[in-house]
Amino acid sequence: MKLPDLPTARLLLRPYVIQNAPTVEAMLDAQRATSISTGVIRTDPAVAQEASVDAQGQPHNQLTGIIYAVIRYEDAELIGNVSLLDIHTADQRAEIGYWVGSAYWNNGYCTEALQALLNFAHATLGITRITARCLTSNLASIRVLEKCGLARESLLRAHNQSGGKYEDVLMFGLCWPERS
Ligand SMILES: CC(C)(COP(=O)(O)OP(=O)(O)OC[C@H]1O[C@@H](n2cnc3c(N)ncnc32)[C@H](O)[C@@H]1OP(=O)(O)O)[C@@H](O)C(=O)NCCC(=O)NCCS
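Since we're looking at a predicted model, the values are computed, not measured. (Residues numbered from 1 in each chain as written. Predicted model: local features only at pLDDT ≥ 70, side-chain atom pairs only at ≥ 80, totals over all residues. Heavy atoms only, no water.)

Give me the lowdown on the overall build of the protein chain, citing residues and values where you can.
The number of helices and strands found in the protein chain is four helices and eight strands. Going residue by residue from the N terminus, the α and β elements of the protein chain occur as β-β-α-α-β-β-β-α-β-α-β-β. With 180 residues in all, the protein chain has 49% of them scored as buried. Sequence-distant contacts in the protein chain: of pairs separated by 6 or more residues, those separated by 24 or more amount to 62%. With the model as given, the accessible surface of the protein chain reaches about 9,000 Å², and the carbon-plus-sulfur share is 52%. (Helix = DSSP H or I, 4+ residues; strand = E, 2+ residues; numbered from the N terminus. Buried < 20%, exposed > 50% of the residue type's maximum accessible area, 1.4 Å probe, protein only. Contact = heavy atoms within 4.5 Å. Areas by Shrake-Rupley, 256 points an atom, 1.4 Å probe, with all protein chains shown as cover.)

In structure tokens form, the structure reads like this:
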């Protein structure tokens, strides 16, 4: 399946290409340096590239992961990424991942990009359930999930290591009406 570009009002979601790597690496390094990326789960750019390259040639029903680069129209900057991970075609569900460079936070970009990704997942891939995980301390991430219509479903105790200690992780979910 050739993944389509997904346009929004302010952003273009574009399937990841290898040329994006330096920008992504630079943003990740900046966040690590200032210790503000403690909420990151699964945002390794190498993983992102592999998943995306794999995805480009695969039939629709064999996709297991899709990564989109998020590009801002006004200056063509790559500002982050959003992804569908662990796509289970038979169960019509997937998990979302997302990440935005700290210089661009709190402008609604992540929410706008995720909403486009969720629409694509539902309309094109037939996905009717989305899950997401985030650290209990990651308040911005929790807010993004709520704005995208996901609800808290459970707590995974001491599930992830962050800054040398184990942290609880919240599981969020969304079911489209035809599922229930
Ligand atoms: C989580 C993240 C993707 C959000 O990106 P973003 O583009 O800033 O998100 P949005 O602007 O769409 O929404 C952020 C919301 O969080 C709120 N927020 C930010 N910091 C907050 C805090 N400390 N406490 C409560 N709410 C907070 C903002 O006010 C905004 O909500 P609002 O629109 O109701 O005002 C970004 O912070 C990030 O990349 N963090 C590091 C990676 C990460 O944590 N990824 C998710 C892993 S689960």
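Quick one: what's the story with unusual backbone geometry, residue by residue and with numbers?
Non-glycine residue Asn106 carries a positive phi angle of around 60°. Mapped onto the fold, Asn106 is located in the loop between strand E5 (93-100) and helix H3 (109-123). Judged by relative accessible area, Asn106 falls into the exposed class, the value being 77%. Located in the positive-phi region is Ala158, a residue other than glycine, with phi close to 45°. Here Ala158 is to be found in strand E7 (residues 151-162).

So what's going on with the site of the ligand? Residues and values would help.
Every one of the 21 residues lining the ligand counts as a neighbour, but Gly108, Thr111, Asn138, Arg143 and Lys147 are closest to it. Val100 is positioned such that a nitrogen or oxygen atom in its backbone is 2.8 Å from an oxygen atom of the ligand. Here an oxygen atom of the ligand sits 2.7 Å away from a polar atom, N or O, in the side chain of Lys147. A total of 960 Å² of accessible area belongs to the ligand in isolation, and the protein chains cover 75% of it. Residue assignment for the shell around the ligand shows that the elements contributing at least two residues are E5, H3, strand E6 (129-135) and helix H4 (139-147). Top element by residues in the shell around the ligand is H4. It accounts for six residues. Residues of the shell around the ligand, tallied by class, amount to eleven nonpolar, seven polar and three charged. (Near = heavy atom within 4 Å. Polar contact = N/O pair within 3.5 Å; in protein donor to acceptor, adjacent residues only side chain to side chain. Nonpolar A, V, L, I, M, F, W, Y, C, P; charged D, E, K, R; others polar.)

Talk me through the sheet that holds strand E1 (residues 6-7); I want residue IDs and the actual numbers.
A sheet is described by the order of its strands in space; here eight strands give the open sequence E1-E2-E3-E4-E5-E6-E8-E7, paired in mixed fashion. Only two strands of the sheet have a single neighbouring strand rather than two, namely E1 and E7. One ladder, built from two bridges, connects E1 with strand E2 (residues 11-15); its direction is antiparallel. Bridged to Leu6 within E2 is Leu13. Of the strands in this sheet, E5, E6, E7 and strand E8 (165-175) are in contact with H4, which crosses E6 at around 165°. (Pairing = 2+ DSSP bridges. Axes fitted to C-alpha atoms, helices over the stretch in contact; angles between N-to-C directions.)

Give me H4: which residues, what numbers.
Note: α-helices contain 3.6 residues per turn, so residues at a spacing of three or four share the same orientation. Considered for burial, the residues of H4 that qualify are Ser141, Ile142, Val144 and Leu145. Viewed along the axis of H4, the buried residues span an arc of 160°, placing them on a single side of the element. In the core, the buried residues of H4 are packed alongside E5, H3, E6, E7 and E8. Where H4 ends, the next residue or the one after it, Gly149, has phi of about 90°, a positive value. (Arc of directions from axis to C-beta.)

An account of the nonpolar core is requested, with residue identities and associated values reported.
In terms of nonpolar packing, the biggest core is built from 51 residues, with Leu13, Leu84, Ile96, Ile130 and Leu150 touching the most fellow members. Discounting chain neighbours no more than four positions away, the residues touching Ile96 are Ser83, Leu84, Leu85, Leu114, Leu117, Leu118, Ile130, Thr131, Ala132, Leu145 and Leu150. (Core = buried A, V, L, I, M, F, W, Y, C linked by side-chain atoms within 4.5 Å.)

Outline the side chain of Arg72, listing residues and values.
Considering the arrangement of structural elements, one finds Arg72 in strand E3 (residues 66-72). Looking at Arg72, its side chain comes within polar contact range of the side chain of Tyr109, at 3.2 Å. Not counting residues up to four positions away in its chain, the partners in contact with Arg72 are Arg10, Leu11, Glu77, Ile79, Tyr104 and Tyr109.

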